[in-house]
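Architecture and fold: a report
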Amino acid sequence: MTMNYTEHFETRLRDIKEEGRYRIFATLERIVGRFPQAIYHAPDGSKKEVTIWCSNDYLGMGQHPKVLAAAHEALENSGAGAGGTRNISGTTRYHVELEESLADLHQKESALVFSSGYVANEGALSTLGKLLPDCMILSDSLNHASMIHGIKDSKQEKLIYRHNDVEHLEDLLKSIDPKRPKIIAFESVYSMEGDIAPIKEICDLAEKYNALTYLDEVHGVGLYGPRGGGVAEECDQLDRVDMIEGTFGKAYGCMGGFITGKAALVDAVRSFAASFIFTTSLPPSVLASARASVEHLKVSDVERQKMRNNVKQFKSRLTGSGLPFMQGESHIVPLVVGEPNCCKEVSDILMRDYDIYVQPINYPTVPKGTERLRLTASAAHSIDDVNHMADVLQDLWESHHALRAAA
Ligand SMILES: *Cc1c(COP(=O)(O)O)cnc(C)c1O
């Protein structure tokens with residue numbers, strides 16, 4: 001029998017629909033000055049105003065006047081695109097200035113910008129791994145898909161240590177031939193758990209066993225540390241981490257990714273990473289807005305303070321109502337529902353009855369059976385937004401079986 005391709009793909013889609021993990025995107029229209037409010041465009045063509053409670057634009061920098069002005073200016077000055085790959089006419093002064101700003105952010109010799117945080121992780125980890133002969137990569141069990149992909153692409157051996165478990169990490173380090181090169185790859189803030197890695201302890205182990213450290217600060221940059229350098233800055237470990245990776249897509253409110261580190265390491269990635277080399281570089285407007293955002297958050301603490309206050313109030317209200325959110329130390333508040341259909345149901349009720357948008361998080365973003373709502377109180381929310389959300393969740397918790405059933 002010949003293959004019916006269309007039918008085959010339809011069957012695969014039916015499977016994930018039955019599992020309750022078919023993804024339905026919410027179409028939003030963000031409006032400058034109004035975030036976290038946005039216009040929701042429903043599948044039936046109707047529209048309404050909703051409050052977003054799951055955005056990574058944690059500080060509202062995506063609508064900051066300085067960030068927008070920088071993008072406008074660069075667009076007017078230099079046009080829409082960069083015009084080439086970094087090597088062939090696509091390195092603009094905006095790239096160079098942004099990379100200087102990033103090296104300064106992390107007090108490192110060098111920095112390199114990528115199309116996205118995903119591409120930065122994939123490109124940097126695969127290249128570091130490939131260039132180190134017989135390298136062993138130690139990876140936290142909850143590392144982001146982009147790190148896992150980079151490690152796989154390095155074609156080197158890897159060992160997975162239990163999430164944030166330094167004893168397990170040490171057991172594994174002990175078992176490796178001391179002469180072998182080693183990379184420890186981990187995140188600072190785990191974005192689906194909301195917990196924070198023991199960076200100092202991991203750096204201690206890296207020193208003891210002579211391993212390179214690679215830290216994903218995607219959910220840390222802009223938000224932690226006196227200049228927004230991330231959790232490593234906040235706990236005074238910047239100089240002990242060999243390579244730090246971050247994004248402009250989250251707290252900085254723009255898009256693009258980057259690494260920082262010693263010049264030799266960053267230059268090696270620049271020279272060998274295919275996902276850096278063979279792609280058109282980011283446009284001036286994006287780079288200029290990212291730099292404006294990074295520079296602003298180096299000197300302004302107002303946004304961080306506002307977010308911290310909102311998160312504190314939100315957590316304290318949820319604790320008061322007995323809602324079982326995951327007790328991380330970060331700004332992220334995950335509420336585990338534990339079943340994909342329940343999780344989607346709660347999310348649908350929030351949208352339908354309360355004009356609140358929280359996307360259900362399902363497999364493969366989180367393991368099956370741990371489906372959750374990932375709630376983010378941003379600097380752009382008002383204290384009324386925060387209290388209202390806490391009230392709504394308490395109501396739902398008391399009245400609705402979906403949340404309760406899973407607890
Ligand atoms: C979002 C994310 C990335 C990817 O960053 P983008 O700039 O969105 O591609 C990398 N690591 C972690 C932990 C993330 O959550």
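Right above here is the structure, for reference.
The number of helices and strands found in the chain is 15 helices and 14 strands. Relative to the 2.2 N^0.38 estimate, which gives 22 Å for 407 residues, the radius of gyration of the chain is 22 Å and therefore close to what a compact globule would have. Looking at the chain as a whole, 53% of its 407 residues qualify as buried. Taking all contacts inside the chain whose residues are at least 6 apart in sequence as the whole, residues at least 24 apart take part in 71%. Each charge class in the chain can be summarised by its mean position, and for the 43 positive and 56 negative side chains these summaries are 2 Å apart.

A word on the sheet that holds strand β8 (residues 212-216). Across the sheet, which stays open at both edges, the seven strands sit in the order β4-β10-β9-β8-β7-β5-β6 with mixed pairing between neighbours. The open sheet terminates on both sides in strands that have one partner only, identified here as β4 (110-114) and β6 (157-161). On average, each strand axis in the sheet is tilted by 20° relative to the strand beside it, whichever way the strands run. Pairing between strand β5 (residues 136-140) and strand β7 (residues 182-187): four bridges, direction parallel. Within β7, the position partnered with L138 by the bridge is I184. Contacting β5, β6, β7 and β8, helix α5 (residues 145-153) runs over the sheet at an angle of about 165° to β7.

Summed over all chains, the structure comprises 27 salt bridges. Between D104 and K298 there is a salt bridge, with the nearest N and O atoms lying 2.7 Å from each other. Taken together, the residues D104 in helix α3 (residues 93-105) and K298 in helix α11 (residues 284-299) connect sequence positions 194 residues apart. A salt bridge links R180 to E157; the nearest nitrogen and oxygen atoms lie 3.1 Å apart. Within this pair, whereas R180 is found in the loop between α6 (166-174) and β7, its partner E157 is found in strand β6, the two being separated by 23 residues in sequence. Judged by relative accessible area, R180 falls into the buried class, the value being 15%. Each member of the salt-bridge network shares a partner with another, and the members are D104, R227, E295 and K298.

On to the packing of helix α12 (residues 302-320) against helix α14 (residues 383-399), then. Axis separation between α12 and α14 bottoms out at 10 Å; the angle between their running directions is 20°. On the basis of the axis angle, α12 is roughly parallel to α14. Crossing geometry of α12 relative to α14 is assigned as right-handed. Here N310, Q313, F314, R317 and L318 of α12 come into contact with α14, specifically with I383, V386, N387, M389, A390, D391, L393 and Q394. Partitioned by chemical class, the residues of the contact of α12 with α14 number seven nonpolar, four polar and two charged.

This brings us to the packing of aromatic side chains. Summed over all chains, the structure comprises four aromatic pairs. Measuring from ring centre to ring centre gives 6.3 Å for F248 and Y252, while their planes differ by 50°; the resulting arrangement is tilted. A relative accessible area of 0% places Y252 in the buried class. Considering the side-chain rings of F248 and F258, the 5.1 Å spacing of their centres and the 25° angle between planes classify their relative orientation as stacked. Highlighted residues: F248 in the loop between β9 (243-247) and β10 (257-261) and F258 in strand β10, separated in sequence by ten residues. Through successive ring pairs, a cluster of aromatic residues spans F248, Y252 and F258.

Cut-offs and rules
Here the residue numbering is sequential within each chain, running from 1 through the sequence in written order. Totals for whole chains, interfaces and linings use all residues, but because this is a predicted model, local features are given only for residues with pLDDT of at least 70 and pairs of side-chain atoms are given and counted only at 80 or more. In computing side-chain values, all of the structure's heavy atoms are included and hydrogens and water are not. In DSSP terms, a helix is any run of H or I states spanning at least four residues, a strand is any run of E spanning at least two, and both are numbered starting from the N terminus. Here the globule rule reads 2.2 Å times residues to the power 0.38, and the radius of gyration is calculated from C-alpha atoms. Exposure classes here rest on a 1.4 Å probe applied to the protein chains alone. A residue is buried below 20% of its type maximum, exposed above 50%, and partly exposed in between. It only takes one pair of heavy atoms within 4.5 Å for two residues to be counted as in contact. Charge assignment: positive for Lys and Arg, negative for Asp and Glu; neither His nor the chain ends contribute. Here the site of a charge means atom NZ of a Lys, CZ of an Arg, CG of an Asp or CD of a Glu. Paired strands are those between which DSSP finds at least two bridges. Helix axes are fitted only over the stretch in contact, all axes being lines through C-alpha atoms; the angle between N-to-C directions runs from 0 to 180 degrees. Salt bridges, as used here, are contacts in which a Lys or Arg side-chain nitrogen is within 4 Å of a carboxyl oxygen on Asp or Glu. Here is the rule for angles: anything less than 35 degrees is roughly parallel, anything more than 145 is roughly antiparallel, 65 through 115 is roughly perpendicular, and the remaining ranges are oblique. Working rule for handedness: look at the near helix, and if it is turned counterclockwise from the far one by less than a right angle, call the crossing left-handed; if clockwise, right-handed. Gly is put with the polar residues, along with every residue not named as nonpolar or charged; the nonpolar set is Ala, Val, Leu, Ile, Met, Phe, Trp, Tyr, Cys and Pro, and the charged set is Asp, Glu, Lys and Arg. The criterion for an aromatic pair is that two Phe, Tyr or Trp rings (for Trp, the six-membered ring) have centres within 6.5 Å, with stacked assigned to planes under 30 degrees apart, edge-to-face to planes over 60 apart and tilted to the rest.

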